[in-house]
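Structural characterization, general
If you want the building blocks of each chain, they are given just below.
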Amino acid sequence: MTRYVARRLVQMAFLFLVFLTATWFLLYALPGDIVAQKYATNPNIPPEARRLAMERLGLDKPMLVQFRDYMVNFFTLDFGYSFNQYPRPVVDIIKERLPRTIVLFLTAVITYYWAGFAAGKYLAWRRGKRGEMAITVGGVALYTVFYPWFALIMLWLFASQLKLLPLGKFLDPDKWRNAPYPANDVFLRMFWLTLITSVVVFGIHLLARRIKDRTPRRLVAWAGTVAAVVAFLGYWWVGREGAVMRPYAADIAYHLILPVLTLTLVNFAGIMLLTRTSMLETMREDFILTARAKGLPEHMVRDRHAARTALLPVTTSLVLAVATVIDGGIITETVFSWPGMGEVLVSSVTLGDIPLAIASFSFIGVMALVGHFLVDLLYGILDPRIRVTAHG
Amino acid sequence: MRHRLARWRWLAILAVFAMVAAACQTEPTEPGDTTTTTEAPTGTEPTETTAPPTAEGFTYRLAIFSDPTTTHPWAALDTENDVWTNYVNPGSGSLYGYQPPTYTLVPAMAADDEPPEVVADGDNWSVTVTLRDDVRWSDGTPVTANDVVFTFETIQKYDGLGGNFPSLWPLAREDDPATADVDESSDGVLSVEAVDDMTVKITFNFEPGLAIWPFSVGVAPVFQEAYWRPLVDASDSAETFYGNETLGYPNTGAFVTAEREPGAFWRNEAVADYWDRGAQYTVYENGAVEYTSASGTSETYGEPSGEVIAQWTEGPYASEALYTLYTDQNSAVLALTDGEVDFLLNPLGLQRGLQQLVLSDPDLNVIVNEQNGFRYLAFNMRKFPMNVKEFRQAIACRIDKEFMADTVLGGAAIAANSLVPPGNSFWHNPDVEAICSGLSEQERFERAVELLKQAGFTWTTEPAWDPDNLDVLPQGEGLTGPDGEEVPELTLLAPGPGYDPLRATYSLFIEEWANDLGIPVRAEPTGFSVIVDEVFATGDAALEWDMYILGWGLTPFPDHVFDFFTTDADSAEGGFNTPGYSNPEFDALAAQFKQAKTLEEARDLIFQGEAIIAEDLPYVVLFTTPIIEAYRNTVSYPFTTTLDGLQAWSGVPSAVTSS
């Protein structure tokens, strides 16, 4: 196992280097450098200002020198300045955008995976019933809908007509006037607290599983969960900082509902179908027949035996989705006025802001590589057959 | 048991939602929850004047479509120069400024009605400007000559800075010995001295024309020494200087920057004791301005004639300007119709598709103005056959701009002939006519053929007009130039339909019209950056393209008429003259223009220059576009007709009123 992990790490490092090199040259090969795009078409900016801009950004150097300088700086963790927002370091821009993107897309991914898994489980169990037909047709229709149009319709319906939810944005400027905290601090606090609470709840449930008797097991699991949730809410209501931050966090949460709902409606069908297929395969297995023969209740056969086994492909898909969550989504961010990493990626590439584009792609590349690595490890842990094969 | 648990689960979820909902209801005492609802005095309709407004006012809400990147006004003019940052930054102040809505040059910090003349001063030339004694920075301190000196010295310290600075504050530099007699890039401001607290002397190392004084240095930014000096002293480089957070920096405008939440909003607060509050402005049709200051002193800039087109008492009436970011125009229009914002700030105005939505709302007003810019077809005159005047004229003759604008583009474009749009009335030359203007399609075709024949072009198959089909039949084939050189296939670069459907469509029609004549033109819709990259390439790469369609946004002072076409501005050498046009007669006019001392003299030269360009056609000006804007009837403006729309004045925050 150790050798396997070491070999994978070396492969990842090499792959990352290739990825970085290819990304740099692809971006360099794009027509129109940023100085030409920003300055050449502005007659108020004389040629000497353009030359100065080229020198400042190092674009007057030969291509290979630029590449060498960039790689040396990159591996000394100096990601450089944004060409478009010079002299702002690219790390600053990523730090500004990343929390917003993570909170929105992680919430959305978890929500639509949960919804998709629950619906898929239901479909497989209710095969041939009217409910299956309705959910499948509805889910697939939403899955294939033209997303920018659908997102606008959601905005129009829930925000403009029903006035139930806000019209895009991630906060209400009126509520945030003279706010004591920048929005990013609140985003980060929300993210970390939710993560810690989730990990604690997960841990409690893992511990509870060791209790053999059903009633105390459930009691521990639920009591632990309630305690964690109370602690979470207590922070926001009673904690000194939390109480001040609460209205702002609530405002962000309120603005989160519509984009998350939209992403969930559009994406849950993919997970639903994956779960359904996986469940149907699992339900043909002998151990399901055995479970039924033992007289176990249907819901227990479904949730404990079939669904858990069917979870394997869904879990791997979820890990990969979480790993790529930081690249955001340009359409969602644009329609819901939630500028995040997706907007950074698109604008940096179209403007030729090479340091910002590469730094953003690198984060995504690292997360994707780590995600794949985790998936490989998870397969080994979740599926005993794979572990046996790995050991040979 | 299981069902009971399920019920509890739902109860728990509902409880969490209830708590989140409760948290959303912020108490009125929470910080940042106070929304000012007191409205400013009304009655500032365009044709009326009112008593000076009070400091209390409403929140003027504007939508922006991209995130402003800096609070630093110096960086906003240099490295972070973009329209959104400049919309929200109140700027700083200048000696002279442009008067809305006519762009007349009027005094700002300067006291003299007319910019003082430049006089010989030993080997150099200088201008002495007296400052007004009533202009105040937003912190209440007076503007002095030392602020102007400090601004210039800062630019000197950072070696001229970049972006807009070299054109606003050009620094005098040592002549390059090799090109000393023609090196114009060394021309600039030699020194700025404070003669006394209220008098500043600006010395040039050359005799500047209007383009430099007053239209560059006169409108260049001036920054307050007291605020900026410590930051400049602590910064060895412009990069370090730009790294400072400068919210609330003093300026001479009606608002100061107050708050910025990146990715969400920007807020400016009204200056409580704004020095110009209560001043009265009356603007006449010919651009003349009658001004009565807050203290009651009256001045008239220009000779008033024609109707009064705008009249107002300066505010601000709004207590704050709140700029909210919407990254999608559709959602911004929904925000406008729902009353979330009063006005959409966008340099391109509203998309035509959204116009109907806005027009159908009784609470919204729609205004249409002309853009200060044009789209054009350019020829690479460094190459055959584009270097033949009659060839360019023949193509230009075939282009029926009115047909394109009115019929093909359905009114989305306005046919244009002049390099200065009609909205810039003082500088616009109404006598510039497009070649073949007013001719029918058949007449245009016949005239184009005649032009090509005149130049000595021949065909293997000569094109002809088929009166039965009312079309060209047969099309020309085997076109050969006067020297027997066959006309090669030519590429017409144009932005793709995704970027600009108007120009993409235009390129296809030009292709067809040229092909009728036997000119093998192939339209190639491509990326904007691809075109920019090709046509601004220097050295031999400047020979690689044939024709292209792009556009320019312009400034009120139309020095572009010369900057785009003089020999020394050849884009192959890094300038803006992409066609590589070279005409000694035109260059001589350009040189005179740079020395022109009066507006009338400069205008006459512009008119002469335009006439030459209209004949030689390095560019064929094709069209301009209207800028469509919408605002809620909860606000009103002292004027709505202005070149480039209200966005050109950042939504007029200092004079908008709540209605």
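Residues numbered from 1 in each chain as written. Chains lettered and ligands numbered in written order. Predicted model: local features only at pLDDT ≥ 70, side-chain atom pairs only at ≥ 80, totals over all residues. Heavy atoms only, no water.

What follows concerns the overall build of chain A. Helix and strand counts for chain A come out as 16 helices and zero strands. With respect to the three principal axes, the spread of C-alpha positions in chain A is 85 × 60 × 45 Å. For chain A, with 392 residues in total, the buried portion stands at 47%. With an accessible surface of roughly 19,500 Å², chain A has 68% of that area assigned to carbon and sulfur atoms. Separation of charge centres in chain A, based on 40 positive and 26 negative side chains, amounts to 11 Å. (Helix = DSSP H or I, 4+ residues; strand = E, 2+ residues; numbered from the N terminus. Buried < 20%, exposed > 50% of the residue type's maximum accessible area, 1.4 Å probe, protein only. Areas by Shrake-Rupley, 256 points an atom, 1.4 Å probe, with all protein chains shown as cover. Lys, Arg positive; Asp, Glu negative; His and termini not counted. Charge placed at Lys NZ, Arg CZ, Asp CG, Glu CD.)

So, on to the overall build of chain B. Secondary structure assignment for chain B yields 17 helices and 27 strands. For chain B, the residues scored as buried account for 57% of the 659 residues in total. A separation threshold of at least 6 residues defines the contact pool for chain B, and within that pool the share at least 24 residues apart is 68%. Total accessible area computed for chain B in this model is approximately 25,600 Å², and 50% of it derives from carbon and sulfur atoms. (Contact = heavy atoms within 4.5 Å.)

Residue and element names in this part refer to chain B. Mapping Gly-188 onto the fold places it in the loop between helix H5 (165–168) and strand E6 (189–196). Residues Gly-188 and Phe-204, spaced 16 residues apart in sequence, show a C-alpha to C-alpha distance of 5.6 Å. Apart from residues no more than four positions distant in its own chain, Gly-188 is found in contact with Pro-170, Leu-171, Ala-172, Thr-203, Phe-204, Asn-205 and Phe-206.

All names here are of chain A. Remark: helix H10 (residues 240–283) packs on helix H12 (residues 298–323), axes separated minimally by 9 Å, with the N-to-C direction vectors making an angle of 130°. For the element pair H10 / H12, the angle class is oblique. Classified by chirality, the crossing of H12 by H10 is right-handed. Contacts between H10 and H12 involve Ile-271, Leu-274, Thr-275, Ser-278, Met-279, Thr-282 and Met-283 from the former and Arg-302, Ala-306, Ala-307, Thr-309, Ala-310, Pro-313, Val-314 and Ser-317 from the latter. The residue inventory of the contact of H10 with H12, partitioned by class, reads nine nonpolar, five polar and one charged. (Axes fitted to C-alpha atoms, helices over the stretch in contact; angles between N-to-C directions. Parallel < 35°, antiparallel > 145°, perpendicular 65-115°, else oblique. Left-handed = near helix turned anticlockwise from the far one by under 90°. Nonpolar A, V, L, I, M, F, W, Y, C, P; charged D, E, K, R; others polar.)

What follows concerns the packing of aromatic side chains. All names here are of chain B. With the rule as written, the count across this model stands at 72 aromatic pairs over all chains. Centroid distance Phe-152 to Trp-169: 5.9 Å. Interplanar angle 50°. Geometry classified as tilted. Placement of Phe-152 in helix H4 (residues 145–157) and of Trp-169 in the loop between H5 and E6 is noted, with a sequence separation of 17 residues between them. Grouping residues by exposure puts Phe-152 and Trp-169 together as buried. Aromatic side chains Trp-545 and Tyr-548 sit 5.0 Å apart centroid to centroid with 70° between the ring planes, which places their arrangement in the edge-to-face category. (Phe/Tyr/Trp six-rings, centres within 6.5 Å; stacked < 30°, edge-to-face > 60°.)

Okay, the domain arrangement of chain B next. Residue and element names in this part refer to chain B. Each domain of chain B was delimited in the assignment, giving domain 1 (8–369 + 627–658) and domain 2 (373–624). One C-alpha centre belongs to domain 1, the other to domain 2; they are set 36 Å apart. Contact with domain 1, which involves 11 residues of that partner, is made by 16 residues of domain 2. For the pairing of domain 1 and domain 2, the buried interface totals around 1,300 Å² over both sides, and the portion due to carbon and sulfur atoms is 61%. (Domains from an automatic or database assignment. Buried area = accessible area lost by both parts, 1.4 Å probe.)

Moving on, we get to the sheet that holds strand E5 (residues 124–130) of chain B. Residues and elements named next belong to chain B. Spatial strand order, E4-E5-E7-E6: four strands in an open sheet with antiparallel pairing. This sheet does not close on itself; its edge strands, each paired only once, are strand E4 (119–121) and E6. On average, each strand axis in the sheet is inclined to that of its neighbour by 35°, with strand direction left out of account. Looking at chain direction, E5 and strand E7 (residues 199–204) are connected through six bridges and run antiparallel. Paired with Trp-125 across the two strands is Phe-204, which belongs to E7. Against the sheet, H4 engages E6 and E7, with an angle of about 155° to E6. (Pairing = 2+ DSSP bridges.)

Here the focus is unusual backbone geometry. Across the chain, the bulk of peptide bonds are trans and the bulk of non-glycine residues have phi less than zero. Residues and elements named next belong to chain B. The residue after Pro-100, namely Pro-101, is reached through a cis peptide bond having omega 0°. Residue Pro-385 is reached from Phe-384 by a cis peptide bond, and omega for that bond is 0°. Within the chain, Leu-470 stands out as a residue other than glycine whose phi angle is a positive 50°. Looking at the secondary structure, you find Leu-470 in the loop between strand E19 (465–466) and strand E20 (471–472). What makes Leu-470 exposed here is its relative accessible area of 58%. If you check the backbone angles, Ser-650 has positive phi at about 55° while not being a glycine. Considering the arrangement of structural elements, one finds Ser-650 in the loop between strand E26 (635–636) and strand E27 (657–658). The exposure class of Ser-650 is buried, given its relative accessible area of 17%.

Let us now look at the sheet that holds strand E11 (residues 289–292) of chain B. For sheets, the rule is that strands pair by backbone hydrogen bonds, running either parallel or antiparallel. All names here are of chain B. Ordered in space as E12-E11-E10-E13, the four strands form an open sheet in which the pairing is antiparallel. Both outer strands of the open sheet, strand E12 (298–301) and strand E13 (308–313), are each paired with one neighbouring strand and no more. Each strand of the sheet is rotated relative to its neighbour by a mean of 10°, with strand direction disregarded. Direction of pairing for E11 relative to E12: antiparallel, over a ladder of four bridges. Looking at E12, one finds that Thr-292 is bridged to Ser-298.

All names here are of chain B. Within this structure, the stated rule accounts for 39 salt bridges over all chains. Residues Glu-207 and Lys-597 are paired through a salt bridge, measuring 3.1 Å at the closest nitrogen-oxygen approach. Separated by 390 residues along the polypeptide, Glu-207 in the loop between E7 and helix H6 (225–233) and Lys-597 in the loop between helix H16 (584–595) and helix H17 (599–616) bring together distant segments of the chain. Given a relative accessible area of 31%, Glu-207 falls into the partly exposed group. A salt bridge links Glu-225 to Arg-229, with the nearest nitrogen and oxygen atoms 2.7 Å apart. (Salt bridge = Lys/Arg side-chain N within 4 Å of Asp/Glu carboxyl O.)

What follows concerns the side chain of B:Thr257. Residue and element names in this part refer to chain B. Summarising the element assignment, Thr-257 is placed in strand E8 (residues 255–261). At a separation of 2.7 Å, a polar atom in the side chain of Thr-257 contacts the main-chain amide nitrogen of Gly-248. If we skip the residues at most four places from it in the chain, Thr-257 touches Val-88, Asn-89, Pro-90, Thr-246, Leu-247, Gly-248, Tyr-249, Trp-266, Arg-267 and Asn-268. (Polar contact = N/O pair within 3.5 Å; in protein donor to acceptor, adjacent residues only side chain to side chain.)

This part is about the state of the cysteines. All names here are of chain B. Evaluation of the coordinates by the stated rule reveals one disulfide over all chains. Two residues share a disulfide in this structure: Cys-397 and Cys-436, whose sulfurs sit 1.8 Å from each other. A torsion of -100° about the S-S bond marks the disulfide between Cys-397 and Cys-436 as left-handed. On the criterion of sequence distance, the pair formed by Cys-397 in helix H10 (residues 389–398) and Cys-436 in the loop between strand E18 (414–415) and helix H12 (441–454) is long-range, its members being 39 residues apart. One exposure class covers both Cys-397 and Cys-436, and it is buried. (Disulfide = S-S within 2.5 Å.)

Okay, the nonpolar core next. Grouped together as the largest cluster of nonpolar side chains are 295 residues, with contacts concentrated most on B:Trp74, B:Leu95, B:Trp213, B:Leu377, B:Ile519, B:Tyr548 and B:Tyr619. In terms of residues, this core owes the most to one element, helix H5 (residues 90–125) of chain A, which gives 19 residues. Structurally, this core is a two-domain feature, drawing no fewer than three residues from each of domain 1 (8–369 + 627–658) and domain 2 (373–624) of chain B. Discounting chain neighbours no more than four positions away, the residues touching B:Ile519 are B:Phe391, B:Ile395, B:Leu452, B:Leu479, B:Leu490 and B:Ala514. (Core = buried A, V, L, I, M, F, W, Y, C linked by side-chain atoms within 4.5 Å.)

Turning next to the pairing of strand E2 (residues 96–99) of chain B. Bridge count for E2(B) against strand E3 (residues 104–107) of chain B is four bridges, and the pairing is antiparallel. Opposite B:Tyr98, over in E3(B), you have B:Leu105 as the bridge partner.

Before going further, it helps to examine the interface of chain A and chain B. Listed by partner, the interface residues are 65 residues for chain A and 67 residues for chain B. Summing both partners gives a buried area of about 5,700 Å² for chain A against chain B, and 58% of it is carried by carbon and sulfur. At the junction of chain A and chain B, the tally comes to six salt bridges. Here A:Asp174 makes a salt bridge to B:Arg61, at a shortest N to O gap of 3.1 Å. At the boundary of chain A and chain B, one finds 14 residue pairs in polar contact (both at pLDDT 80 or more). At the level of secondary structure, the elements contributing two or more residues to the side of chain A that touches chain B comprise helix H2 (34–40), helix H3 (47–57), H5, helix H7 (147–161), helix H8 (183–208), helix H9 (214–237), H10 and helix H13 (330–335) of chain A. Taken together, the residues of the side of chain A that touches chain B break down into 36 nonpolar, 13 polar and 16 charged.

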